[in-house]
Amino acid sequence: MPDTERGGDSFSEFAAEALPGLLRFGHALTGSRQEAEELVQDALARCLRRWRRVSVDDPVAYARRVMVNTQVTGWRRWGARVQLGDVPEAAAEDAKLVRREEWDALRQALARLPRGQRVVLVLRYLDDLPDSSIAALLGCRLGTVRSRASRGLAALRPLMTAGLTGGTGGGDVHATG
Amino acid sequence: MPPDEAAEDWLRRLLRDPRWSLPPWPDAEARVRRAARRQRVRAAGVGLGTGAAVIAAIVVPLALLPGAPTRPGSGIGPGSSPSATIRPHARRHPALALPAVGAAGFPARIYPPPASRKELNLVGLCPNPSGLQPVGRGSAAPALRVIKNLGRSFRSDLRLSDRSFWPEIKSGWQPGGTPIFPPPKQSGRLPVLFSGPLLAYHQAFGPPDMSHTILAGCGSRTARDTWMIVIGPVKEPAVQGEFLLLDRRGHLLVWNAQ
């Protein structure tokens, strides 16, 4: 029988340490606090159910893989529930406000990307994962990762520009991918 | 987007903005445990709504989870979702004694004692290698029938399982415990995602492949002779169930499940 007490301590330690990073990752992946928390919660629950196996290798990587693949398979629909923050009026002199605008614009822009492109961009530019690792994680070819990244960046630029100038208002956002 | 900043650097910078951070959970562990319970209950009920058959997804007894409470009847903590409540018709068996080796109905040649547990064993007890033979392709359908028949009774579950898995089965049938195998449902379509040799199974995003764990913990022969069945909804990986079966002298037995 497994040593439950020892297993309990190790999982508790892992969860406490990994939670902030996973929440941040989930937020970038989903654009929604609620979605991110649900995604992380379910991934950690799966880790717990399989802790004996998961704890052997890299449980953080496993949790992130579950989150990414859950997103890719469409288990969680993002677009319709993105919480769009109010974009403050432009104030070029105020560096903080400009940054807030940029961040809000990015959230909106990511929401409009197809799911596959969104996941690749987050893994590449938030996690700095090499394309080969992304391909292995998603179970696709290296070329597919690169094309998704390229298309995602290309799609992001006009969306970001529109977001900064208020060209696209708030309201429901739907992922098209 | 600043014109003089490469798009990639710009995106990298914004993705690292602290606004993506979320407040920590004050009750993180309890919250995760409740979610784990819901996943298990959900896995047990998967397929009813779609008319699928017996979804004998494994429900690990709460007493076996790391840090779970061990007092009887305390399987559900406060604040848990109603969907995680133990079913009202939970079976109670006042005497859940495991049959001794060679007991009537459980011949030793089919239900030998478990193999010695290796120091790095991560799957619990390993099956005794005596009498094991590879599970042939023709056994895929019979293996699935074994899974469909789980959950009928304590004694029936023992008969369909290797002795190495009996302690967990017993815990599941204990009063207040969470059943490992929920009662069999109406026959129908069972969403089988994989059925084949353990060593042939690879999950792109799962934990380390079970084959590595079994090889390290129970040896190459057990790994080679193990058949794996994965069931559950393809789009809900969190509630999929994995079963390991072996063939001992023509008897298909479940020896592990997650």
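All of these numbers come straight from a predicted model, not from anything done at the bench.

Trainee: I'd like to hear about unusual backbone geometry, residue by residue, with values.
Mentor: When glycine is set aside, most residues are seen to have a negative phi, and most peptide bonds are trans. Backbone geometry places Asp128(A), a non-glycine residue, at a positive phi of 55 degrees. Within the secondary structure, Asp128(A) sits in the loop between helix H6 (115-125) and helix H7 (131-138). For Asp128(A), a relative accessible area of 39% puts it in the partly exposed group. Phi is positive for Arg249(B), close to 55 degrees, though the residue is something other than glycine. Its place among the elements puts Arg249(B) in the loop between strand S4 (241-248) and strand S5 (251-257).

Trainee: Pulling in residues and values, what's your account of the packing of H6(A) against H7(A)?
Mentor: Residues and elements named next belong to chain A. Two elements in contact, H6 and H7, have axes whose closest approach is 10 Å; the angle formed by their N-to-C orientations is 135 degrees. When the interaxial angle is binned, H6 and H7 end up oblique. Handedness of the crossing formed by H6 with H7: right-handed. Each of Val119, Val120, Leu123 and Arg124 in H6 lies in contact with H7, whose residues at this interface are Asp131, Ile134 and Leu138. When grouped by side-chain class, the residues that make up the contact of H6 with H7 number five nonpolar, no polar and two charged.

Trainee: Kindly report on the packing of aromatic side chains, identifying the contributing residues and their values.
Mentor: Going through the model one piece at a time under the given rule, you end up with eight aromatic pairs over all chains. Both rings, one in Trp103(A) and one in Trp20(B), keep their centres 5.1 Å apart while their planes meet at 65 degrees; by these two values the pair is edge-to-face. Placement of the pair is Trp103(A) in helix H5 (residues 95-112) and Trp20(B) in the loop between helix H1 (7-15) and helix H2 (28-45), with the two residues belonging to separate chains. Pair check on accessibility: Trp103(A) and Trp20(B) agree, each one buried. Summarising the aromatic geometry, the rings of Phe106(B) and Tyr111(B) are spaced 5.2 Å apart at their centres and angled 65 degrees between planes, so their arrangement reads as edge-to-face. Using a relative accessible area of 4% as the deciding quantity, one classes Tyr111(B) as buried. An aromatic cluster is present here, built from Phe11(A), Phe14(A) and Trp51(A) joined pairwise through their rings.

Trainee: Which residues make up the nonpolar core, and what values go with them?
Mentor: Leu106(A), Leu156(A), Leu11(B) and Leu15(B) are the most contacted members of the largest nonpolar core, which has 56 residues in total. Tallying contributions element by element places helix H1 (residues 4-30) of chain A first for this core, with ten residues. Core analysis: the second largest hydrophobic core is formed by 39 residues, Met210(B), Trp227(B), Met228(B) and Leu246(B) among them.

Trainee: Mind laying out the confidence of the model for chain B, listing which residues take part and the relevant values?
Mentor: Residue and element names in this part refer to chain B. Summing up the model confidence of chain B, the mean pLDDT is 72 and the portion of residues at 70 or higher is 63%. Here H2 stands out as the least confident element of chain B, with mean pLDDT 78; helix H4 (residues 154-159) is the most confident, with 93. Below a pLDDT of 50 lies the segment residues 46-90, which in the model reaches 113 contacts outside its immediate sequence neighbourhood of four places, other chains included. Predicted as a complex, the structure gets a pTM of 0.58 and an ipTM equal to 0.73.

Trainee: How would you explain the pairing of S4(B) if you had to name every residue and give the values?
Mentor: Residues and elements named next belong to chain B. Among the eight residues of S4, eight are classified as buried, and the element is accordingly described as predominantly covered. Neither face of S4 is exposed, since Gly241, Phe243, Leu245 and Asp247 on one face and Glu242, Leu244, Leu246 and Arg248 on the opposite face are all buried. Taken together, the two bridges between strand S1 (residues 132-133) and S4 define a ladder with antiparallel strand orientation. Residue pairing in the sheet places Leu132 in a bridge with Arg248 of S4. Pairing between strand S3 (residues 227-231) and S4: five bridges, direction antiparallel. Looking at the pairing, Val230 lines up with Glu242 of S4. With six bridges joining them, S4 and S5 adopt antiparallel strand pairing. Within S5, the position partnered with Arg248 by the bridge is His251. Adjacent in sequence and paired antiparallel, S4 and S5 are bridged by two residues, among which Arg249 carries a positive phi angle near 55 degrees.

What counts, and where the lines are drawn
Residues numbered from 1 in each chain as written. Chains lettered and ligands numbered in written order. Predicted model: local features only at pLDDT ≥ 70, side-chain atom pairs only at ≥ 80, totals over all residues. Heavy atoms only, no water. Helix = DSSP H or I, 4+ residues; strand = E, 2+ residues; numbered from the N terminus. Buried < 20%, exposed > 50% of the residue type's maximum accessible area, 1.4 Å probe, protein only. Axes fitted to C-alpha atoms, helices over the stretch in contact; angles between N-to-C directions. Parallel < 35°, antiparallel > 145°, perpendicular 65-115°, else oblique. Left-handed = near helix turned anticlockwise from the far one by under 90°. Contact = heavy atoms within 4.5 Å. Nonpolar A, V, L, I, M, F, W, Y, C, P; charged D, E, K, R; others polar. Phe/Tyr/Trp six-rings, centres within 6.5 Å; stacked < 30°, edge-to-face > 60°. Core = buried A, V, L, I, M, F, W, Y, C linked by side-chain atoms within 4.5 Å. pLDDT = per-residue confidence, 0-100. Pairing = 2+ DSSP bridges.

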